[in-house]
Amino acid sequence: MPAHAQDLAQAATPVVQASVDKGDVAWMLTSTLLVLMMAVPGLALFYGGMVRSKNVLSVLAHVLVVFSLMLVLWIAYGYSLAFAGGGAWLGGFDKLFLAGVGIDSLADTFSEGVKLPEYVFIAFQATFAGITGALIVGAFAERVKFAALLVFVVLWFTFGYLPIAHIVWAAGGYLFEKGALDFAGGTVVHINAGVAGLVGAYFIGKRTGYGREAIKPHNVTFTFIGASLLWVGWFGFNAGSALEANAGAALAFINTLVATAAAVLSWGLAEKLVKGKASVLGVASGAVAGLVGITPAAGLVGPLGAMVIGAVAGVVCVWGVNGLKRLLGADDSLDVFGVHAVGGIVGALLTGVFYAPSLGGQGGEDFDMLAQLGLQALGVGMTVAWIGTVSVLSMLVARATVGLRVSVECEREGLDITTHGETAYES
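Residues numbered from 1 in each chain as written. Predicted model: local features only at pLDDT ≥ 70, side-chain atom pairs only at ≥ 80, totals over all residues. Heavy atoms only, no water.

**Quick notes on the overall build of the protein chain**
Step number 1: Helix and strand counts for the protein chain stand at 16 helices and three strands.
Step number 2: Computed over its C-alpha atoms, the radius of gyration of the protein chain comes to 22 Å, within 12% of the 22 Å expected for a compact globule of 427 residues.
Step number 3: For the protein chain, the proportion of its 427 residues judged to be buried stands at 56%.
Step number 4: Look at the contacts in the protein chain between residues 6 or more apart in sequence, and 77% of them connect residues 24 or more apart.
Step number 5: Working note: accessible area of the protein chain is about 17200 Å², and carbon and sulfur atoms make up 67% of it.
Step number 6: Across the protein chain, 20 positive and 26 negative side-chain charges occur, with their mean positions spaced 17 Å apart. (Helix = DSSP H or I, 4+ residues; strand = E, 2+ residues; numbered from the N terminus. Rg over C-alpha atoms; globule rule 2.2 N^0.38 Å. Buried < 20%, exposed > 50% of the residue type's maximum accessible area, 1.4 Å probe, protein only. Contact = heavy atoms within 4.5 Å. Areas by Shrake-Rupley, 256 points an atom, 1.4 Å probe, with all protein chains shown as cover. Lys, Arg positive; Asp, Glu negative; His and termini not counted. Charge placed at Lys NZ, Arg CZ, Asp CG, Glu CD.)

**Digging into the nonpolar core**
Nonpolar side chains tend toward joint burial in soluble globular proteins.
Step number 1: In this structure, Tyr-47, Trp-74, Phe-140, Trp-156, Phe-157 and Tyr-161 are the most contacted members of the largest nonpolar core, which totals 125 residues.
Step number 2: Among the elements that take part in this core, helix α3 (residues 56–83) stands out by supplying 14 residues, more than any other.
Step number 3: Ignoring sequence-local partners within four residues, the contact set of Phe-140 consists of Leu-149, Phe-152, Ala-196, Gly-197, Gly-200, Ala-201, Ile-204, Ser-333 and Met-395. (Core = buried A, V, L, I, M, F, W, Y, C linked by side-chain atoms within 4.5 Å.)

**Details of the packing of helix α7 (residues 186–204) against helix α13 (residues 336–354)**
Step number 1: Following both chains from N to C, one finds α7 and α13 inclined at 145 degrees, their axes separated by 8 Å at the closest point. Of the two elements, α7 crosses α13, and the hand of that crossing is left-handed. For the pair formed by α7 and α13, the contact residues are Gly-186, His-190, Ile-191, Ala-193, Gly-194, Val-195 and Leu-198 on the first element and Val-336, Phe-337, His-340, Ala-341, Gly-344 and Ile-345 on the second.
Step number 2: Partitioning the contact of α7 with α13 into residue classes produces eight nonpolar, five polar and no charged. (Axes fitted to C-alpha atoms, helices over the stretch in contact; angles between N-to-C directions. Left-handed = near helix turned anticlockwise from the far one by under 90°. Nonpolar A, V, L, I, M, F, W, Y, C, P; charged D, E, K, R; others polar.)

**Section: the sheet that holds strand β2 (residues 106–108)**
Step number 1: With mixed pairing, the three strands of this open sheet are ordered in space as β1-β3-β2. Across the chains shown, the open sheet's two edge strands, defined by having one partner strand only, are β1 (19–20) and β2.
Step number 2: Both β1 and strand β3 (residues 114–117) contribute to a ladder of two bridges, which runs parallel. Bridge pairing in β3 links Val-20 to Lys-115.
Step number 3: Sitting on the sheet, helix α2 (residues 22–50) is in contact with β1 and β3, with an inclination near 50 degrees to β3.
Step number 4: Strands in contact with helix α4 (residues 118–136) are β2 and β3; relative to β3, the strand with the most contacts, it is inclined by about 70 degrees. (Pairing = 2+ DSSP bridges.)

**Here we look at the environment of Val-56**
Step number 1: Relative to the helices and strands, Val-56 resides in helix α3.
Step number 2: Separated by 283 residues in the primary sequence, Val-56 and Val-339 place their C-alpha atoms 21 Å from one another.

**Comments concerning the packing of aromatic side chains**
Step number 1: Within the structure shown, the criterion is met by 17 aromatic pairs.
Step number 2: Between the aromatic rings of Trp-74 and Phe-83, the centroid separation amounts to 6.2 Å while the plane-to-plane angle is 70 degrees, which identifies the pairing as edge-to-face. Both residues of the pair, Trp-74 and Phe-83, belong to the buried class.
Step number 3: Ring geometry for Phe-128 against Phe-237: centres 4.2 Å apart, planes inclined by 5 degrees, an arrangement best described as stacked. Of this pair, Phe-128 sits in helix α4 while Phe-237 sits in helix α8 (residues 220–239), and the two are 109 residues apart along the sequence.
Step number 4: An aromatic cluster of at least three residues, connected via ring pairs, comprises Phe-124, Phe-128, Trp-169, Trp-234 and Phe-237. (Phe/Tyr/Trp six-rings, centres within 6.5 Å; stacked < 30°, edge-to-face > 60°.)

**Section: helix α14 (residues 369–401)**
The periodicity of an α-helix, 3.6 residues per turn, causes residues three or four places apart in sequence to face the same way.
Step number 1: Over its 33 residues, α14 runs 47 Å from end to end, which matches the ideal 48 Å to within 8%, given 1.5 Å per residue.
Step number 2: Taking the backbone nitrogen of Leu-370 as reference, a side-chain oxygen 3.2 Å away marks Asp-368 as the first, capping residue of α14.
Step number 3: The first or second residue beyond α14 is Gly-403, which carries a positive phi of 80 degrees. (Expected span 1.5 Å × (residues − 1). Polar contact = N/O pair within 3.5 Å; in protein donor to acceptor, adjacent residues only side chain to side chain.)

**Some thoughts on the environment of Ser-111**
Step number 1: Secondary-structure assignment places Ser-111 in the loop between β2 and β3.
Step number 2: Along the backbone, Ser-111 and Glu-244 are 133 residues apart, and their C-alpha atoms lie at a distance of 8.6 Å.

**As for helix α9 (residues 247–275)**
Step number 1: A rise of 1.5 Å per residue sets the reference length of α9, with its 29 residues, at 42 Å; its end C-alpha atoms lie 41 Å apart and thus fit the reference within 8%.
Step number 2: For α9, the N-terminal cap is Asn-246; the gap from its side-chain oxygen to the backbone nitrogen of Gly-248 is 3.1 Å.

**As for the packing of helix α11 (residues 303–320) against α13**
Step number 1: At a closest axis distance of 9 Å, the pairing of α11 and α13 adopts a crossing angle of 150 degrees. Helix-helix and strand crossings are classified by hand; for α11 and α13 the assignment is right-handed. Here Gly-305, Val-308, Ile-309, Val-312, Ala-313, Val-316, Cys-317 and Gly-320 of α11 come into contact with α13, specifically with Gly-338, Val-339, Val-342, Gly-343, Val-346, Gly-347, Leu-350 and Phe-354.
Step number 2: By residue class, the composition of the contact of α11 with α13 is 11 nonpolar, five polar and no charged.

**Things to note about the pattern of salt bridges**
Side chains carrying opposite charge are able to pair once their charged atoms draw close together.
Step number 1: Applying the stated rule across the entire model yields nine salt bridges.
Step number 2: With a closest N to O distance of 2.2 Å, Lys-115 and Asp-108 form a salt bridge.
Step number 3: The shortest N-O distance in the salt bridge between Lys-325 and Asp-335 comes to 2.9 Å. With a gap of 10 residues between them, Lys-325 in helix α12 (residues 323–328) and Asp-335 in the loop between α12 and α13 connect regions that are remote in the sequence. (Salt bridge = Lys/Arg side-chain N within 4 Å of Asp/Glu carboxyl O.)

**Overview of the environment of Pro-296**
Step number 1: Tracing the sequence through the fold places Pro-296 in the loop between α10 (280–294) and α11.
Step number 2: Taking the C-alpha atoms as reference points, Pro-296 and Leu-350, separated by 54 residues in sequence, lie 9.1 Å from one another.
Step number 3: Among all residues touching Pro-296, those that are not within four sequence positions of it are Asp-182, Phe-183, Ala-184, Gly-186, Gly-344, Gly-347, Ala-348 and Thr-351.

**With respect to unusual backbone geometry**
Step number 1: Each neighbour pair has its own omega, and for Val-40 with Pro-41 the value is 15 degrees, a cis peptide bond.
Step number 2: Of note, Pro-41 is situated in helix α2.
Step number 3: We note that Leu-98 has phi near 60 degrees; this positive angle belongs to a residue other than glycine.
Step number 4: If you trace the backbone, Leu-98 turns up in the loop between α3 and β2.

Read these as geometric descriptors, not functional statements.
Shown next as structure tokens:
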């Protein structure tokens, strides 16, 4: 092409100017606060109600401290390794301690030319890292050493969470480039936390008296309130993952609404049929199962698909916390694997089905369901294998350095008084 023709062609090509919309910024700041509320107080109360009264403060402390630790590590090196360039498997070191990030720095959204202040994106993603780490603590509550928990989550975050986040969500990431779908964290958050929790439960062992003594939730009201706060906060988690205040966020919003409702109903019905009664603890857990199930699909499927995903997640997770739990033989104290990993797997796989435009999804005309299912299964398999390996090695390091669990005497007295020197309820 002659030089003058090239000039004319370039002049005819519209230049997309980067813009920041105040509505997007306001929505993303709100979404970040909602995800914070999911962890503290939502998850803290949800977990705190399910343990015995002598351990409730320890669980509250574990959630808050692990969440806070993840935020600090995210700023130090997490954001850089997850999202600052890099190759197929990990980001780079260019933005350690947020080097080069300032008030004028911009981050991409899913729309060409539409940007967010980078600080907003960093803060939003920090809360995802925080709540993923906090989810894990429920699997080995009531007997883990506080120091062991902290050693484990630092190693898991560094060598587990960050590579998976990059592979799935970052431009250039292996699964991202292949076209695997995970809208808000089915693999990155829920399967990740569930697998890490299960490995930890195996390493730390069963609670003293497990299977011989009644180990009951001390305050189902706390758990119900926590589940309710999780549902509200999850709108920031899922609809916020659209990164803009647009129709995509609205789709994720309504899907988060209806999938959760379907899961509450399906869990309650399954529990009624199997056990004769639908418990409050059950329907609260059903809400969380539905939220987990719709997370990878939230902005990608239609509302009818979302209801099916939620209903299936509710029923399958009833099996996850009962039949599968017995088969695995682990004391996953608060059913992190049975709800989060199992629900995340259900959601990740069904995303590949209901993404189909013929089923109301957002896939293109050339959508190939079998090929997409293969990619979804690849994402699930890679997450399970990588996080399983990292978690085993992290537990081995924690066991060799600080030991994994408290003494039987401390466990019987309760972690509140023996670890923190406090009691939740004065007699």
